[in-house]
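Given next are the chains, with one letter for each unit.
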Amino acid sequence: MEGTMKGAYLPGNSTVVFKDVAIPRPGHGQVLVKTKCCTICGSDIRAIYREHTGKGAEGYQNVIAGHEPCGQVVEEGPGIRRFKKGSRVIVYHISGCGVCHDCRMGYMISCSSPLRAAYGWQRDGGMAEYMLCDEKDLVELPPELSYTDGAQVACGFGTVYEAITKVGISGNDDVLVVGLGPVGLATLMLCKALGARKLFGIESNPLRIELANKLGLADKILKPADSNADEIKALTGGRGVERAFDASASDKGRATAIRAARQWGKIALVGEGGTVNFNPSPDIIHPQKSIYGSWVTSIWLMENLVEELVRWNLHPDALVTHRFPLEKADEAYKLMADGNCGKVAVCFDEELK
Ligand SMILES: [Zn+2]
Ligand SMILES: [Zn+2]
């Protein structure tokens, strides 16, 4: 592929800057992917759109943004083993060194090498017509799923699936999800598919509540309040939920998730930043509760998730409320930062419908 393409960069002052750059050539073990969809993540907004907050794993290196990409292989570099021209692929969004312990477990998110680079943060990401990918970072996108489905698996749904796998979900469980942004909505969607008994949400944004109701994702959605844990107990025979997730990243939301869980309950914290206050003895020690931290997922669990989505006939793209062409990426990021939306996607070709 010859020529130039436009790429979107985030200078860190709530704007998007476009630059013309050469279309990259794949080296050994690499492919060139034609981007079809790249969704915007809460972490993009928190750490690199409004300002550049992070260092190391969260440090933005002034590369093409976009860490939730999905597309089609259009050019093969030498030494490719599995994927080929025409392959539909999800990009696991962190390229690890491949040889540290965490990479060998498939958790490139936790790669401890200085070679670790996240697409859209330390190496060019999906907010451009083409992107250069290492073959080892790709997950096959089956024909049953759209590229917009796949983009959400690249980060958000993968992250949710990891947390769910850690705490386990079955028909024995009532579930509370605090915060119904895209990650919280995805949590409800997957817990429902796994057969959870009753699903509860806590959210204040009317558009997000409406989206959850439209998709039939929750039995009841509460407005955030200090009384939320008591309300959840009242809705569950006085016991509380078996499983609670925090996707609100709010201090009070986390405390609610912990307190609304029943005895022996499990709580997963997914929302990032901030803090939490709780009283260890009455809140977790005496009631025998466990709190799990969960950060992104492994590439093998991402492959499992893709397989399950097909079996469940479940489409993550149902959470996408807004699609923009690349030229309007500034509007896309602004909307996601404002929060009056479900998932926001920058789309190309057939995905821009
Ligand atoms: Zn993300
Ligand atoms: Zn590594």
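Residues numbered from 1 in each chain as written. Chains lettered and ligands numbered in written order. Predicted model: local features only at pLDDT ≥ 70, side-chain atom pairs only at ≥ 80, totals over all residues. Heavy atoms only, no water.

Undergrad: What am I meant to see in the sheet that holds strand β10 (residues 175-178) here?
TA: Adjacent strands of a sheet pair through backbone hydrogen bonds, lying either parallel or antiparallel. Pairing in this open sheet of 6 strands is parallel, and the strands run β12-β11-β10-β13-β14-β15 from one edge to the other. The open sheet has two free edges, formed respectively by β12 (220-222) and β15 (290-293), since each of these has just one partner strand. Here the average twist between neighbouring strands, direction ignored, is 20°. With 4 bridges connecting them, strand β14 (residues 261-269) and β15 associate as parallel partners. (Pairing = 2+ DSSP bridges. Helix = DSSP H or I, 4+ residues; strand = E, 2+ residues; numbered from the N terminus. Axes fitted to C-alpha atoms, helices over the stretch in contact; angles between N-to-C directions.)

Undergrad: Can you walk me through empty space enclosed by the protein in this structure?
TA: Scanning the model with the defined rule gives 1 cavity of 30 Å³ or more in all. Computed from the structure, the largest cavity encloses a volume of approximately 30 Å³. Taken together, Q152, G156, F157, P182, V183, A186 and K343 make up the lining of the largest cavity. Every element with two or more residues in the lining of the largest cavity is listed here: α3 (147-167) and α4 (182-193). (1 Å grid on protein atoms, 1.4 Å probe; cavity = no way out; pocket = protein on both sides within 12 Å on 5 of 7 lines; lining within 4 Å. Points joined across faces, edges and corners; volume = space filled by probe spheres on them.)

Undergrad: Hey, could you run me through the coordination of the zinc ion (ligand 2) in this one?
TA: Distances from the zinc ion (ligand 2) to its protein donors, namely C97 (SG), C100 (SG), C103 (SG) and C111 (SG), fall within the range 2.3 to 2.4 Å. Each of the 4 donor atoms around the zinc ion (ligand 2) contributes to a set of angles spanning 103 to 118°, which defines the coordination as tetrahedral. As a motif over one chain, the donors of the zinc ion (ligand 2) read C-x2-C-x2-C-x7-C. Of the two residues, C100 sits in the loop between β6 (94-95) and α2 (101-104) while C111 sits in the loop between α2 and β7 (117-118), which places them 11 residues apart along the sequence. A relative accessible area of 8% means that C111 is categorised as buried. (Donors = N, O, S within 2.8 Å, 3.2 Å for Na, K, Ca; no water. Tetrahedral: all angles 85-135°; square planar, octahedral: opposite > 155°, others 65-115°. Buried < 20%, exposed > 50% of the residue type's maximum accessible area, 1.4 Å probe, protein only.)

None of the figures reported here should be taken as evidence of function without further support.
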